[in-house]
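Here is what each chain is made of, one letter per residue.
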Amino acid sequence: MSGAEKIRKNEFMKQDDRLRPHIPVTLKATPSNFRELLDKYSDIIFKPINGSRGRNVYRVTSLTSGQYRIHHESNIVHVYTKEEVFNRIQLHSRTHDYLVQPRIRLAKINGRPFDMRVIVQRKRNSKKWKVTGKVAKVAGKGYIVTNITRSGGTVRKVRTAIRQSSLQPSKKRKLLPAINRLAVATASRLKKIYPSQRIYGLDMGVDKTGHLWIIEANRRPAMSHFLKLRDRTMYRRIRRWKSK
């Protein structure tokens, strides 16, 4: 999927009042867009347009010292100008076009950020969407990405992750039904531009305040996260729905 298509998809989703508050600002990573977002938010994420598995994701933070911190994989470097930041990332990613977003301050488990893969499906000849699986991905120590293979992180059921998280108890109680409602609303909206689509894998995050974010809506989601759970119930359910 091209960067232009990803941005158009986000803009289409934002036209829905239910989804708009849950979609982060997403721009093509031009020098001007990079400066604008860094000046406004001080903490931003670069990610490849066609990236997967957390490859080549960079976090850039504007520090009070006047320096800029670049966090890539488990490595951190400091530079002195915005130009140096942008050039360094471009040099490390010659074959990639990038998107830039404000960093979502994800809730954590034992100091490590986590996000969620939520599978939402519908049966053939049905308009009704259902959440058939949810799994939480917890980043490895020192990593900004939650991809399990890349960061050496772990997976767990979403209910367990929420219970173990740093969120306030009052926020935890409301999250599971809120995740399901947002996932179904997202799939219903996207059906207008992908009418034959029957499955989405939504990468969703919850920030430190308990607010939900739609990070990405994947039309061909991988199921490997569900195979890493000891309980294969959700994986089997997803497979059954694919055949219905």
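Enquirer: Teacher, can you tell me more about the sheet that holds strand β6 (residues 98-102) here?
Expert: Strands in a sheet are paired, the pairing made by backbone hydrogen bonds, and the direction either parallel or antiparallel. Pairing within the open sheet is antiparallel, and its six strands lie in the order β1-β6-β2-β3-β4-β5. Strands with a single pairing partner mark the edges of an open sheet, and in this sheet they are β1 (27-28) and β5 (75-79). Alignment of strand β4 (residues 68-72) against β5, held across five bridges, turns out to be antiparallel. Note on β5: the bridge partner recorded for His 71 is Ile 76. Packed onto the sheet, helix α2 (residues 31-41) meets β1, β2 (43-48), β3 (58-62), β4 and β6 and runs at close to 145° relative to β2.

Enquirer: Whenever I open this one, the pairing of β6 confuses me. Can you help?
Expert: Consecutive residues of a regular strand have side chains that alternate between opposite faces of the sheet. Within β6, five of the five residues are buried, leaving the element largely enclosed by the surrounding structure. Along β6, one buried face is formed by Tyr 98, Val 100 and Pro 102 and the opposite face, lined by Leu 99 and Gln 101, is buried too. Note: β1 against β6, two bridges, orientation antiparallel. When the sheet's bridge partners are listed, Leu 27 is paired in β6 with Val 100.

Enquirer: Explain the pairing of β4 here, please?
Expert: Counting buried positions over the five residues of β4 gives four, a clear majority of the element. Here β3 runs beside β4; their pairing, made up of five bridges, is antiparallel. Note that in β4 the partner of Tyr 58 across the bridge is His 72. Count of turn residues in the β3/β4 antiparallel hairpin: five residues, of which Gly 66 carries a positive phi of about 95°. Taken together, β4 and the strand that follows it, β5, pair antiparallel across an intervening segment of two residues, in which Glu 73 is found at a positive phi of about 55°.

Enquirer: Quick question: what am I supposed to make of the packing of aromatic side chains here?
Expert: For any pair of aromatic rings, geometry is given as the distance between the ring centres together with the angle between the planes. Evaluation of the coordinates by the stated rule reveals six aromatic pairs. Residues Phe 34 and Phe 46 carry aromatic rings whose centres are separated by 5.5 Å and whose planes lie at 45° to one another, so their mutual orientation is tilted. Of this pair, Phe 34 sits in helix α2 while Phe 46 sits in strand β2, placing them 12 residues apart in sequence. Classification of Phe 46 as buried rests on a relative accessible area of 1%. When the centroid spacing of 6.2 Å and the interplanar angle of 55° are considered together, the rings of Tyr 58 and Tyr 98 count as tilted. Of this pair, Tyr 58 sits in strand β3 while Tyr 98 sits in strand β6, and the two are 40 residues apart along the sequence.

About the criteria used
- Residues numbered from 1 in each chain as written.
- Predicted model: local features only at pLDDT ≥ 70, side-chain atom pairs only at ≥ 80, totals over all residues.
- Heavy atoms only, no water.
- Pairing = 2+ DSSP bridges.
- Helix = DSSP H or I, 4+ residues; strand = E, 2+ residues; numbered from the N terminus.
- Contact = heavy atoms within 4.5 Å.
- Axes fitted to C-alpha atoms, helices over the stretch in contact; angles between N-to-C directions.
- Buried < 20%, exposed > 50% of the residue type's maximum accessible area, 1.4 Å probe, protein only.
- Phe/Tyr/Trp six-rings, centres within 6.5 Å; stacked < 30°, edge-to-face > 60°.

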